[in-house]
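# Notes for the structure review
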Amino acid sequence: MKEKIGIEGISLEDIEGMRNIVDTAYRRTMERYDKGELGFMEVIQKDCECYRLSDRYKEFKYILVVGMGGSILGTQMVYEGVKGVYANELNSKKVFFLDNSDPELLYSILKIVALRETLVFVVSKSGNTVETLANFFILREKMKKEGCREDNVVIISSGGLLKEIGKRENYKIFEIPENVVGRFSVLSSVGLVPLSCMGVDIGKLISGARDMDKLCRREDVFNNPALMNALIHYMFLNRGKSISVIMPYIERLYRFDLWYRQLWAESLGKDGKGQTPVAALGAKDQHSQLQLYLDGPKDKIITFIKVRKFKEDFTIRYKGHYLDGCNLSQLINFQQLGTERVLTSMGVPNISIVLEDLDEYTLGKLIYMYEMTTAFMGEMMEVNAFNQPAVEEGKKITRELLEGKGKGEEVVKDYIIKI
Ligand SMILES: O=P(O)(O)OC[C@H]1O[C@H](O)[C@H](O)[C@@H](O)[C@@H]1O
């Protein structure tokens with residue numbers, strides 16, 4: 001370990017020097033909102049009642065959400081953020097997420113659920129995503145064979161083949177507003193309809209987001225948490241911090257990392273620019289990643305998320321040991337502090353987001369703050385944070401291969417390791 005050097009910090013003068021960039025980013029974001037381009041800012045003002053399903057949908061023992069990317073990552077993040085990692089073991093309602101074309105994932109879920117007792121949410125903004133359609137086609141066939149009813153399926157989509165099938169087969173359909181981009185859609189029908197059936201208080205979630213919206217509309221960067229968060233990431237990106245590590249010190253937020261990864265990567269990774277988001281978890285990754293963060297390349301900015309009050313806690317007892325009488329919550333929060341201090345002393349910039357506790361309200365605030373941070377960061381980096389053109393080419397090649405075009409054409413690979 002090298003000697004302690006301290007962070008090349010950001011001074012008030014530095015922030016003052018960024019006034020133009022901050023004001024422009026704020027103004028452009030609000031102009032886009034005024035033009036109706038930022039649906040994620042509008043959708044939180046809708047009445048939550050419009051997302052609630054009638055009681056007959058509440059009877060199902062199992063819930064299965066089928067979708068990819070922004071159509072599922074947020075829902076799973078909120079579900080685990082509120083209910084915990086082992087929610088299925090603890091609760092009568094069993095919830096599953098199907099977000100891959102890996103046949104073994106579908107197989108395992110079908111081994112557990114009884115389809116007649118399952119409410120299936122098929123979620124896709126475009127309504128044409130190949131993995132979602134493939135999984136749905138297989139499920140639909142099995143559900144027909146097992147005599148499932150129309151209300152075993154709910155479609156959440158803006159169009160495409162999925163909506164067509166939904167209309168033709170008389171499934172309940174929820175729209176997704178056109179101006180709500182997938183990775184910014186968890187606080188729309190995409191997340192709120194399924195979550196309202198999973199025992200999550202969507203009203204509290206939305207009121208957290210609305211309260212954060214008030215803060216994020218402030219022009220003053222010192223009183224706008226999203227604008228300040230974007231500015232700090234932008235300034236350190238310009239100082240070579242091309243990697244943004246997010247490291248909550250609570251297990252319930254690990255899926256938040258995965259949601260953040262899509263948001264930050266797909267929104268900002270454009271025109272040769274971007275800041276690579278990395279998912280980490282405290283205290284676990286102190287024993288796997290921290291060596292690199294401390295003594296590896298100085299190319300990272302770290303964001304901690306810590307919770308003052310955990311839902312549960314334990315007091316440790318072992319006479320004469322320094323842990324005697326401490327609580328586990330104290331231990332994990334002191335571990336976060338220890339990591340923060342050593343990173344600072346090793347010159348690794350880090351930010352701490354402190355939550356009093358973690359429930360629907362604070363999670364709604366956190367989600368919305370990150371959505372606004374991403375919008376502001378996109379303006380600062382002068383990239384369009386609301387599209388993802390580069391992901392389409394690979395899908396085209398996959399389709400050509402599926403349609404038999406290009407079969408046999410051996411793609412020259414540099415390295416193929418066959419085991
Ligand atoms: O909601 P869908 O249209 O099914 O899209 C699901 C996901 O797939 C796309 O390829 C994009 O990468 C994501 O931004 C999107 O969230």
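What you are looking at is a predicted structure, and each value in this text was computed from that prediction instead of being measured. (Residues numbered from 1 in each chain as written. Predicted model: local features only at pLDDT ≥ 70, side-chain atom pairs only at ≥ 80, totals over all residues. Heavy atoms only, no water.)

### Quick notes on unusual backbone geometry
For the peptide bond that leads from Gly282 to Ala283, omega is 5°, which places it in the cis range. Summarising the element assignment, Ala283 is placed in the loop between strand E7 (276–279) and helix H13 (290–295). Positioned with a positive phi, Asp271 is a non-glycine residue whose angle comes to about 50°. Positionally, Asp271 belongs in the loop between helix H12 (254–268) and E7. (Helix = DSSP H or I, 4+ residues; strand = E, 2+ residues; numbered from the N terminus.)

### Regarding the domain arrangement of the protein chain
Split into domains, the protein chain comes out as domain 1 (12–26 + 205–381) and domain 2 (42–200). Distance from the C-alpha centre of domain 1 to the C-alpha centre of domain 2: 29 Å. Facing the 24 residues of domain 1 at the interface are 25 residues of domain 2. Summing the contributions of domain 1 and of domain 2, the shared interface buries around 2300 Å²; its carbon and sulfur component is 65%. Counting the contacts that link domain 1 with domain 2 gives two salt bridges. Across the pair Glu266 and Arg183 runs a salt bridge, and its minimum N-O distance is 2.9 Å. For the pair domain 1 and domain 2, the number of links is eight residue pairs in polar contact (both at pLDDT 80 or more). Only helix H10 (202–216), H12 and helix H15 (360–381) provide two or more residues apiece to the side of domain 1 that touches domain 2. If one sorts the elements of the side of domain 1 that touches domain 2 by residue count, H12 sits on top with eight residues. Class assignment for the residues of the side of domain 1 that touches domain 2 results in eleven nonpolar, three polar and ten charged. (Domains from an automatic or database assignment. Contact = heavy atoms within 4.5 Å. Buried area = accessible area lost by both parts, 1.4 Å probe. Salt bridge = Lys/Arg side-chain N within 4 Å of Asp/Glu carboxyl O. Polar contact = N/O pair within 3.5 Å; in protein donor to acceptor, adjacent residues only side chain to side chain. Nonpolar A, V, L, I, M, F, W, Y, C, P; charged D, E, K, R; others polar.)

### Some words on the site of the ligand
Lining the immediate environment of the ligand, one finds 14 residues, of which Ser71, Ser124, Thr129, Glu266 and Lys395 sit closest. In this structure, an oxygen atom belonging to the ligand sits 2.7 Å away from a main-chain N or O atom of Lys125. Contact with the protein chains hides 88% of the accessible area of the ligand, taken as 380 Å² for the molecule alone. Judged by the proximity of its atoms to the pocket grid, the ligand belongs to the largest pocket. For the shell around the ligand, the class distribution of residues is two nonpolar, eight polar and four charged. (Near = heavy atom within 4 Å. Areas by Shrake-Rupley, 256 points an atom, 1.4 Å probe, with all protein chains shown as cover. 1 Å grid on protein atoms, 1.4 Å probe; cavity = no way out; pocket = protein on both sides within 12 Å on 5 of 7 lines; lining within 4 Å. Sits in = over half its atoms within 2 Å of the grid points.)

### Brief notes about the UniProt feature "active site" (unreviewed entry) in the protein chain
UniProt tags Glu266, His287 and Lys395 as "active site" (unreviewed entry). A maximum C-alpha distance of 37.6 Å shows the annotated residues, which cover 130 residues in sequence, to be distributed over more than one spot. In this structure, the largest pocket is lined, among the annotated residues mentioned, by Glu266 and Lys395. With respect to the helices and strands, His287 occurs in the loop between E7 and H13. On the basis of relative accessibility, which here comes to 65%, the residue His287 falls in the exposed class. In this fold, Lys395 is placed in helix H16 (residues 392–402). (UniProt positions renumbered as here; feature names shortened; annotations may be inferred. Buried < 20%, exposed > 50% of the residue type's maximum accessible area, 1.4 Å probe, protein only.)

### Some words on the sheet that holds strand E1 (residues 62–66)
Judged by pairing direction, the sheet is parallel, and its five strands sit side by side in the order E2-E1-E3-E4-E5 without closing on themselves. The outermost strands of the open sheet, each flanked by one partner alone, are strand E2 (94–98) and strand E5 (172–174). Between one strand axis and the next, the sheet turns by 20° as a mean value, whatever way the strands run. (Pairing = 2+ DSSP bridges. Axes fitted to C-alpha atoms, helices over the stretch in contact; angles between N-to-C directions.)

### Structural notes on the nonpolar core
Residues Val78, Phe121, Phe256, Trp259, Leu363 and Tyr370 are the most contacted members of the largest nonpolar core, which totals 96 residues. By residue number, the principal contributor to this core is H15, which donates twelve residues. Here this core gathers at least three residues from each of two domains, domain 1 (12–26 + 205–381) and domain 2 (42–200). Ignoring anything within four residues of it in the chain, the contact list for Tyr370 reads Asn229, Ile246, Phe256, Trp259, Tyr260, Leu263, Thr303 and Ile353. Judged by nonpolar contacts, the second largest core, of 21 residues, contains Tyr62, Val113, Leu133 and Met143. (Core = buried A, V, L, I, M, F, W, Y, C linked by side-chain atoms within 4.5 Å.)

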